[in-house]
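Descriptive structure summary
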Amino acid sequence: MWLKPEEILLKNAFKLWVTEKDNEYFVLQRRRGYGEGGGGLTGLLVGTLDTVLDSTSKVAPFRILHHTPDSQVYWSIACGATKEEIVEHWEWLQQNIMRTLSVFDSSDDITSFVQGKIRGLIAEEGKVSLVLEDDPEKFREALLRFEKWFELPQKEKLVTYYSCSYWKGRVPCQGWLYLSTNFLCFYSYLLGAEVKLVISWDEIWRLEKTSNVILTESIHVQAHGEDHYFSMLLHLNETFLIMEQLADYSIKRLFDKESFQREPALSDPLQITKRGLETNARSEQFRAFFRLPKEENLLEVHESFLWVPFSHYNTLGKICLSENYLCFASQDGSQCHVIIPMREVQCIKPDSSSRALTVCVRGKRALRFSEVRDYERLANTIRSRCGITASPLHSASTEAIRGECQSLINHFEDNPDDVTLMVGQKGSSKAVSTEALMTVFHPQDVENLDPKMLKEKMKEQSWNIHFSEYGRGTSMFFTKKTRDLIVRGVPEALRGELWMLFSGAVNDMATHPGYYTELVEQSLGTSTLATDEIERDLHRSLPEHPAFQSDTGISALRRVLTAYAYRNPKIGYCQAMNILTSVLLLYAKEEEAFWLLVAVCERMLPDYFNRRIIGALVDQAVFEELIREQLPQLVEHMTDLSFFSSVSLSWFLTLFISVLPIESAVNVVDCFFYDGIKAILQLGLAVLDYNMEALISCHDDAEAVTILNKFFDSVTNKDSPLPPTVQQASVGNNDKASHVSVDISELIREAYEKYGTIRSEEVESSRKRNKLYVIQTLEDTTKQNVIRVVSQEVKFSASHLDELYYLFKRQHFLSCYWTMNSPVLLHHDPSLAYLEQYQLGFQQFSMLFSLLEPWTLCTGKSNLSLWVFRLIDENQDGLVNFREFCYALDTLYSGSFTNKLKFLFKLHLPPGNIYKDFPEGRGKVDLQAYLKQWQDEILKKEETIKDLPRINQTQFIQFSKTLYNLFHGDPEEEALYRAVAHVTSLLLRMEEVGRRLQEPSSPTKPATATREGLPSEEAVTSPESSDASSTHSGQDAGSSLSEVEWSFSFEQVLASLLNEPAIVSFFERPTLIQTRLDQAKGTQLKVKANK
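Rules and cut-offs
Residues numbered from 1 in each chain as written. Predicted model: local features only at pLDDT ≥ 70, side-chain atom pairs only at ≥ 80, totals over all residues. Heavy atoms only, no water. UniProt positions renumbered as here; feature names shortened; annotations may be inferred. Helix = DSSP H or I, 4+ residues; strand = E, 2+ residues; numbered from the N terminus. Buried < 20%, exposed > 50% of the residue type's maximum accessible area, 1.4 Å probe, protein only. Contact = heavy atoms within 4.5 Å. Polar contact = N/O pair within 3.5 Å; in protein donor to acceptor, adjacent residues only side chain to side chain. Phe/Tyr/Trp six-rings, centres within 6.5 Å; stacked < 30°, edge-to-face > 60°. Lys NZ or Arg CZ within 6 Å of the ring centre and 35° of its normal. pLDDT = per-residue confidence, 0-100. Axes fitted to C-alpha atoms, helices over the stretch in contact; angles between N-to-C directions. Parallel < 35°, antiparallel > 145°, perpendicular 65-115°, else oblique. Left-handed = near helix turned anticlockwise from the far one by under 90°. Salt bridge = Lys/Arg side-chain N within 4 Å of Asp/Glu carboxyl O. Nonpolar A, V, L, I, M, F, W, Y, C, P; charged D, E, K, R; others polar. Pairing = 2+ DSSP bridges. Expected span 1.5 Å × (residues − 1).

- Under an unreviewed UniProt entry, the chain has the name TBC1 domain family member 8B and belongs to Myripristis murdjan.
- Of the chain, the UniProt comment under Function (unreviewed entry) reads exactly: "Involved in vesicular recycling, probably as a RAB11B GTPase-activating protein."
- Here is the UniProt Subunit (unreviewed entry) comment for the chain, exactly as written: "Interacts (via domain Rab-GAP TBC) with RAB11B (in GTP-bound form)."

Here it is as structure tokens:
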């Protein structure tokens, strides 16, 4: 690798370098302790220095220096990890530089020319690969160490590196932590003790920041049941953020494709950079906080003050700008934030006197941002994104601008009725329902003056006052007061509007006019597995409610669920979506309900509604952590908290709708749309806290379930204006004496008072931490199920199958690490049967099979692995699963002589010997095909040797060659060769005799046409096998094609080989698979690297 020229004063300081080659202008040196001789104690010291010090010239074992005869100064210009690499650089210098140097008169000119040339080479190399790195020169040096120490495939992309200590036992090892796209690596070398660690991100179970008495602050990584601690990091938070991003990226890309979104910065695993990961992390936090669509990215951040008209003061915070939104969040504890869609902005007016911006939006609103450092550029950016030109008043006086903006603000404060609502401005489609179901089935009676309706009117008045002060619609201020009103309860008439606003669904609908109508038209009438499940569940959705006892409600529910399944086929339809959508349709128009469902499924509850409900399981793990922190008394009594996970699953999946009466559950949904999953977690803790004494005194899980069910039955909503026909009847009405009724508003208020300190950022961090554990637990369950099935069919022990599964799965991922288009990755479907989840294409199978097959000295391995692959690929889709792979290995390791020979015999029959291209994996999953395959497997009879077809001439010749290849390198090689030759000649003589005996009776037909009743076509070589055999056996197989062909049955071949003790002993010789497994673990990555 070429290096930026650095001056070195002493050529052989401390005698650490040995000169290998030199000439008038260049010196090639080798580091002591490398190569021949080892270097003794000096070598140990050198190795320690190489690891601890951050300099490539001290690490690379070879280097080239430039000097001139009349100077004592040397310049390092190149280094290399191997002698071949450095010699290549040396030869390039000889051929391209040495001839040119003679034309220069002075030494300074020579040095300047050489330095310029080297810098040019470095710039040329770094144009593509290093253009995104902060410090290309240092990064090139780190990349050299990374490649030298870990010998990973060249495609592996190093993202960043850090100096740190790794704790091995109680002893810290100072070294370097390297974070690449697919691996976490650590290297340390101290006084001869080398520590090398390589962990792939997809193997990590735990990743968290910890601290204890010895380690003040460290990063804990758990993989393969081992704990690893990294400490003394200069930038621990930055390091952890990058590690968290890489682990999450790997999990999404390899395990959980349903949630994988191809972010521009992460679309190509070969182009991931530290900067890209940090940008992506910031954008994720930005979108989550402001509930923005996934297409939005954080582009700019500006510190500023925002004038808050309702409080009459400036609040300090940050302006966050994305492609289509201008957002502001306070940082002074006022919990104030506002979201301004660019489509609502009408004009931008900068003010140079206070470096201020006034943003005027629809609805006669104006927001003033002051003390913005780069206010003019920000104003121009907003204008360009809004598509508006500079205001004609831009050159007007500051007083005039201030006066106009203040008049807008004053007009808004004095005339709240002028405020317009931004929700659903586009006309609703006539093809869908345009009214919320609650409006149709329970219209409010304006003249009704009962206490509940009066209280409902008071709530509405409180919200109208709030709107007049804080704004209404998409650019409303969100403050503590907003949350207080939510906790007290949302009026029935405003519920749909506020759900749309708080969830961000209002923005989705405004930017996709007509989208839902198109989906409805396209999806209705389609028949899929999802639509079948939807039809089955339609009448199970709030069956007590009048809206869903009529065709109006059922049809609306069908349209929304079918449209969403059509929009997002990876999720399709999942149970619990019907319950949630039913409630949404009660309070929102049909199109609004659709966009609310999109917001819930794709933003607010990620990964909840898929076949593995990963998101719900992750939040259950978060809930368990919070129980341990917030309810220690309950933890002391119930050490196994898995009970709460099983009980709370429906709480998370349905937002308490399935366990609470509908009139109470909607209050929970109000809080959820404002605070997200944090509101559900808080309420869950409040429920357990309320029932603490009863839960502690219960004796088993069943009793605890009964206690919680009775509690939920006793929850009421005393302020609900809904009539009894709409309210749900409690299941435990007859038992209410034992449980005092609990008002939902009081329960929610208590949840916020006791557990409101839980921060959303902490919840998101806990989600990421627990997602690794949940995914790995599911993967471990998959492994156990696969091993249980396969163990019934093979003779390998459970431990051997465990190791084989690890290697098989790792080989699957090796085909996915460096490409987005791998067939096994594109067609990986976690919803498939356990055995089908991980499969290998031919290239991956060939590499793994070559590491594990028992005949280590066998020649022609590529042909053998190809035939084995074709034979065990039963459905001919170009992919083999773990069971098929184990079947082949088990036959070769544990099978009897007859079974091994039968396996080799079948390799040379179709489909094993048919040469064709493999398909690019399976296409769309065909469930009917799976059912038929399953039925065929049940009815399949065990194959006998009499069922095998005869082997023809070309196939037998190749079979003999395969035996010769297997015997190559064996101690008994000569005896085995003689035995094969004897068997071959014996079989040929037998065939010749049989053919001659049949000639008089049927002189016009081939000999094999009448023997044993076989038709003549079966004795003739097919064009495919003939071409294939000629490709591999050359002239050996072509000499007798014009003559009558002969063939053998398996019984003939078996009987002949059984008479050769050398061959029998070769195949019956036991081979230990453990040895091959151990070797494969150490060389699997290196084999990939050498490809």
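Observations concerning the overall build of the chain
- Regarding its fold elements, the chain presents 43 helices and 26 strands.
- Across the 1091 residues in the chain, those meeting the buried criterion constitute 55%.
- At a minimum sequence separation of 6, the contacts of the chain that also span at least 24 residues come to 69%.

Overview of the environment of Q549
- Mapping Q549 onto the fold places it in the loop between α17 (529-537) and α18 (551-567).
- Along the primary structure Q549 and H539 are separated by 10 residues, whereas in three dimensions their C-alpha atoms are 7.9 Å apart.
- In contact with Q549, not counting residues within four places along its chain, are P543 and E544.
- Here P543 takes part through its backbone oxygen, which lies 3.0 Å from a polar atom of the side chain of Q549.

Examining the packing of aromatic side chains
- Summed over the entire model, instances satisfying the criterion amount to 58 aromatic pairs.
- Their ring planes at 25 degrees and their centres at 5.3 Å tell us that W651 and F656 sit as a pair that is stacked.
- Owing to a relative accessible area of 3%, W651 belongs among the buried residues under this scheme.
- Ring-pair connections join several aromatic residues into one group, and the members of that group are F139, F146, W149, F150, Y161, W176, Y178 and Y187.
- The residue whose ring lies beneath R145 is Y161, and the NZ or CZ to ring-centre distance is 5.8 Å.
- We note R206 situated over the ring of Y773; from NZ or CZ to the ring centre the distance is 4.3 Å.

Describing the confidence of the model for the chain
- Looking at the chain, pLDDT values average 79 and 77% of them are 70 or higher.
- Within the chain, the lowest mean pLDDT, 36, falls on helix α39 (residues 1007-1010), and the highest, 95, falls on helix α25 (residues 677-690).
- The model gives residues 127-132 a pLDDT under 50, and that stretch makes six contacts with residues more than four places away or in other chains.

A look at unusual backbone geometry
- Its identity is not glycine, yet E151 carries a phi of approximately 50 degrees, on the positive side.
- One can find E151 in the loop between α6 (136-150) and β6 (158-168).
- Owing to a relative accessible area of 41%, E151 belongs among the partly exposed residues under this scheme.
- A positive phi angle, near 50 degrees, is found at R355, a position not held by glycine.
- Within the secondary structure layout, R355 lies in the loop between β17 (345-351) and β18 (356-361).

Some thoughts on the packing of helix α23 (residues 642-654) against helix α27 (residues 701-714)
- Running from amino to carboxyl end, α23 crosses α27 at an angle of 30 degrees, the nearest separation of the two axes being 11 Å. Classed by the angle they form, the pair α23 and α27 counts as roughly parallel. Relative to α27, α23 is oriented so that their crossing is right-handed. For the pair formed by α23 and α27, the contact residues are F643, V647 and W651 on the first element and D701, A704, V705, L708 and F712 on the second.

What about the pattern of salt bridges?
- Summed over all chains, the structure comprises 43 salt bridges.
- In this structure, D689 engages K754 in a salt bridge whose closest nitrogen and oxygen atoms are separated by 2.5 Å. Taken together, the positions of D689 in helix α25 and K754 in helix α28 (residues 744-755) put the pair 65 residues apart, joining distant regions of the chain.
- Exposure remark for K754: the relative accessible area of 43% places this residue in the partly exposed category.
- Taken together, the shared-partner salt bridges in this structure form one network comprising D248, K252, E284 and K768.

Observations concerning the packing of helix α21 (residues 614-630) against α23
- The contact between α21 and α23 brings their axes to 9 Å, and the two run at 125 degrees. Taken together, α21 and α23 sit at an angle that is classed as oblique. Once α21 is placed against α23, the crossing between them reads as right-handed. Contact with α21, carried on its side by A616, D619, Q620, F623, E624 and I627, involves S642, F644, S645, S646, S648, L649, W651, F652 and L653 of α23 and no other residues of that element.
- In terms of residue class, the contact of α21 with α23 is made up of eight nonpolar, five polar and two charged.

Quick word on the UniProt feature "domain: EF-hand" (unreviewed entry) in the chain
- UniProt's feature table lists "domain: EF-hand" (unreviewed entry) at residues 868-895, given in the numbering used throughout.
- Between the first and last C-alpha atoms of residues 868-895 the distance is 15 Å; the span itself is 64% helix and 7% strand.

With respect to the sheet that holds strand β20 (residues 477-478)
- Taken together, the eight strands give an open sheet; going across it, the order is β17-β18-β19-β13-β14-β15-β16-β20, and neighbouring strands pair in antiparallel fashion. Each end of this open sheet is capped by a strand with a single partner; those strands are β17 and β20.
- As paired elements, strand β13 (residues 300-308) and strand β19 (residues 365-370) share two bridges and run antiparallel to each other. The partner of L306 across the bridge, within β19, is F369.

Structural notes on the side chain of S1056
- Tracing the chain through its elements places S1056 in helix α41 (residues 1050-1058).
- Of note is the side chain of S1056, whose polar atom sits 2.9 Å from the backbone oxygen of Q1052.
- Ignoring anything within four residues of it in the chain, the contact list for S1056 reads V983, L986 and L987.

Points about the pairing of β17
- Within β17, six of the seven residues are buried, which leaves the element mostly enclosed by the surrounding structure.
- With six bridges joining them, β17 and β18 adopt antiparallel strand pairing. From the neighbouring strand, V345 faces β18, where its bridge partner is V361.

Considerations on α27
- Taking 1.5 Å of rise per residue, 14 residues should cover 20 Å, and α27 covers 20 Å from first to last C-alpha, within 8% of that figure.
- If you check which residues of α27 are buried, you get A704, I707, L708, F711, F712, D713 and S714.
- Taken together, the buried residues of α27 touch α23, α25, α26 (692-697), β21 (715-716), β22 (742-743) and α28.
- Its side-chain oxygen at 3.3 Å from the backbone nitrogen of A702, D700 defines the N-terminal cap of α27.

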